[in-house]
Amino acid sequence: MDLNSVYTELIMEHNKNSRNKKELEDADIREHGHNPSCGDDITLELKLDGDYIEDAAFNGSGCAISQASTSIMIDLIKGKSIEESLELVDTFIAMIKKEIDDQQELRKLKDAMALKNISNMPARVKCAVLSWHTLKEALGK
């Protein structure tokens, strides 16, 4: 099985069976993100413990890429500090913009590396980065 097939499977699995798509009743932060060009729409919810993201979840609708990207991002940020999470956002966006390709740097993204090839599909870039921009906005408040 080639790497692209593995990545495609990962994206489809996160889209279909996301354990992160739920409501956090005790969320400290709720941030809405919307992509008017395609209709992707998410609400990101974060539960903080000091400067750490204790839990996160999302609700919303959109294409497989936006939903999978959000779920993968949530898996990555749970238990991380706000500072670490913002660094991951910057790394992810730089990867999508093809500004970095250092494998050592990208390894921090874990499963989010599955979205690297989205950068070759300009119409889908906004789908992949919606949740990451939403997280940055939420943590910047």
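Right above here is the structure, for reference.
In the contact formed by helix 2 (residues 64–77) and helix 5 (residues 122–139), the axes pass within 8 Å of each other and the chain directions differ by 35°. As for the relative orientation of helix 2 and helix 5, their crossing is right-handed in sense. Contacts between helix 2 and helix 5 involve Ile65, Ser66, Ser69, Thr70, Met73, Leu76 and Ile77 on the former and, on the latter, Arg124, Cys127, Ala128, Ser131, Trp132 and Leu135. Across the contact of helix 2 with helix 5, the residue classes tally to eight nonpolar, four polar and one charged.

Looking now at the pairing of strand 3 (residues 52–61). Pairing analysis gives nine bridges linking strand 2 (residues 40–49) to strand 3, with the strands arranged antiparallel. From the neighbouring strand, Asp41 faces strand 3, where its bridge partner is Ser61. Two successive antiparallel strands, strand 2 and strand 3, enclose a turn made up of two residues, where Gly50 displays a positive phi of approximately 65°.

This model, assessed by the stated rule, comprises one aromatic pair. Ring geometry for Phe92 and Trp132: centres 4.0 Å apart, planes at 5°, overall stacked. One end of the pair, Phe92, is in helix 3 (residues 82–96); the other, Trp132, is in helix 5, and 40 residues separate them in sequence. Neither Phe92 nor Trp132 differs from the other in exposure class; each is buried.

With that settled, the discussion passes to the nonpolar core. Ranked by size, the top nonpolar core spans 37 residues in total, and within it Leu46, Phe92, Leu109, Trp132 and Leu135 carry the most contacts. Of all elements in the fold, only strand 2, strand 3, helix 2, helix 3 and helix 5 reach the threshold of two or more residues within this core. Considering every element that reaches this core, the biggest residue donor is helix 5, with eight residues. Discounting residues that sit within four places of it in the chain, Trp132 has contacts with Ser69, Met73, Leu76, Leu88, Val89, Phe92 and Ala112.

Each value, and the rule that gives it
Residues numbered from 1 in each chain as written. Predicted model: local features only at pLDDT ≥ 70, side-chain atom pairs only at ≥ 80, totals over all residues. Heavy atoms only, no water. Axes fitted to C-alpha atoms, helices over the stretch in contact; angles between N-to-C directions. Helix = DSSP H or I, 4+ residues; strand = E, 2+ residues; numbered from the N terminus. Left-handed = near helix turned anticlockwise from the far one by under 90°. Contact = heavy atoms within 4.5 Å. Nonpolar A, V, L, I, M, F, W, Y, C, P; charged D, E, K, R; others polar. Pairing = 2+ DSSP bridges. Phe/Tyr/Trp six-rings, centres within 6.5 Å; stacked < 30°, edge-to-face > 60°. Buried < 20%, exposed > 50% of the residue type's maximum accessible area, 1.4 Å probe, protein only. Core = buried A, V, L, I, M, F, W, Y, C linked by side-chain atoms within 4.5 Å.

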